[in-house]
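# Working through the structure, step by step
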Amino acid sequence: QVQLVESGGGLVQTGESLRLSCTASGRTSSTYTMGWFRQGPGKEREFVAAITGSGGVTFYTNSVKGRFTISRDNAKTTVSLQMNSLKPEDTAVYYCAARRISPLSIVIPTAYDYWGQGTQVTVSS
């Protein structure tokens, strides 16, 4: 089993920044792809960003490209999401997720094997 714990959420104003962190423990592997998803009020969980095990390839949903940056430190088994120029529509619970090697698309929540409990991000206008 792998346990994921997110931190770094909070309340900010439009245009400000936040940095989310996710720490993995248990039977972790540097080969796992790590992802961030979010779920806003009354919405389905949606893909935000992902990074491959080697850290060499990153993926972003269009709405966060140029504003969010995902990174990982395999030595510390952490993955981070730097969020700049935040907008009210970024308000959501953000979840960290991990997946083993899989043929499924990285943007699909069911393609991930492990999930954190989520951290709330609120952006006021």
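What you are looking at is a predicted structure, and each value in this text was computed from that prediction instead of being measured.

When helices and strands are counted, the chain shows zero helices and 11 strands. From first element to last, N terminus to C terminus, the chain shows the α and β order β-β-β-β-β-β-β-β-β-β-β. For the chain, the C-alpha atoms occupy an extent of roughly 40 × 25 × 25 Å along the three principal directions. With 125 residues in all, the chain has 41% of them scored as buried. A fraction of 56% describes how many contacts in the chain between residues 6 or more apart in sequence connect residues 24 or more apart. Between the centroid of the 12 positive side chains of the chain and the centroid of its 8 negative side chains there is a distance of 6 Å.

It is worth spelling out the pattern of salt bridges at this point. In the structure shown here, the tally under the stated rule is four salt bridges. Two residues, glutamate 46 and arginine 38, come together in a salt bridge whose shortest N-O distance is 2.6 Å. Owing to a relative accessible area of 5%, arginine 38 belongs among the buried residues under this scheme. Ionic pairing is found between aspartate 113 and arginine 100, a salt bridge with its closest N-O pair at 3.2 Å. Residue aspartate 113 is located in the loop between strand 9 (92-99) and strand 10 (114-115), and its partner arginine 100 is located in the loop between strand 9 and strand 10; the two are separated by 13 residues in the primary sequence. Here aspartate 113 falls in the partly exposed class, since its relative accessible area comes to 35%. Bridged by salt links that share partners, the residues Arg38, Glu46, Arg67 and Asp90 form one connected network.

Tallying each qualifying case throughout the model produces six aromatic pairs. For the pair tyrosine 95 and tryptophan 115, a centre-to-centre distance of 6.4 Å together with 80° between the ring planes defines the contact as edge-to-face. Of the two residues, tyrosine 95 sits in strand 9 while tryptophan 115 sits in strand 10, which places them 20 residues apart along the sequence. Pairwise contacts between aromatic rings join Phe37, Phe47, Tyr95, Tyr112 and Trp115 into one cluster.

Apart from glycine, the bulk of residues carry a negative phi angle, and the bulk of peptide bonds sit in the trans form. Backbone geometry places serine 85, a non-glycine residue, at a positive phi of 50°. By the secondary structure assignment, serine 85 is in the loop between strand 8 (78-83) and strand 9. Accessibility expressed as a relative area gives 40% for serine 85, which makes it partly exposed.

With antiparallel pairing, the four strands of this open sheet are ordered in space as 1-3-8-7. Looking at which strands have only one partner, the edges of the open sheet turn out to be strand 1 (2-7) and strand 7 (68-73). Here the strands of the sheet are splayed against their neighbours by 15° on average, with no regard to which way each runs. As paired strands, strand 1 and strand 3 (residues 18-26) are joined by six bridges and run antiparallel to one another. Within strand 3, the residue paired with glutamate 6 across the bridge is cysteine 22.

Another aspect to go through is the pairing of strand 3. Within a regular strand, side chains alternate between the sheet's two faces. One ladder, built from six bridges, connects strand 3 with strand 8; its direction is antiparallel. Its bridge partner being in strand 8, threonine 23 is matched across the sheet by threonine 78.

Each value, and the rule that gives it
Numbering of residues starts from 1 in each chain and follows the order in which that chain's sequence is written. Predicted model: local features are reported for residues with pLDDT of at least 70 only, side-chain atom pairs are reported and counted for 80 or more only, and whole-chain, interface and lining totals are derived from all residues. Side-chain metrics rest on all non-hydrogen atoms present in the structure, leaving aside hydrogens and water. Numbered from the N terminus, helices here are DSSP runs of H or I no shorter than four residues, and strands are runs of E no shorter than two. Each residue gets one of three labels from its accessible area relative to the maximum for its type: buried under 20%, exposed over 50%, partly exposed in between, using a 1.4 Å probe on protein chains only. The contact definition used throughout considers only heavy atoms, calling two residues in contact when any of these lie within 4.5 Å. Charged residues are defined here as Lys and Arg on the positive side and Asp and Glu on the negative side; His and the ends of the chain fall outside this count. Charge placement uses NZ in Lys and CZ in Arg. For Asp and Glu, CG and CD serve respectively. Salt bridge, as used here, is a side-chain nitrogen of Lys or Arg placed within 4 Å of a carboxyl oxygen of Asp or Glu. Under the pairing criterion, centres of Phe, Tyr and Trp rings, with the six-membered ring standing for Trp, must be within 6.5 Å; the plane angle then separates stacked pairs below 30 degrees from edge-to-face pairs above 60, leaving the rest tilted. DSSP-based pairing: two strands are paired if at least 2 bridges between them are found. The angle between two axes is taken between their N-to-C directions and runs from 0 to 180 degrees, where each axis is a line fitted to C-alpha atoms and a helix contributes only its stretch in contact.

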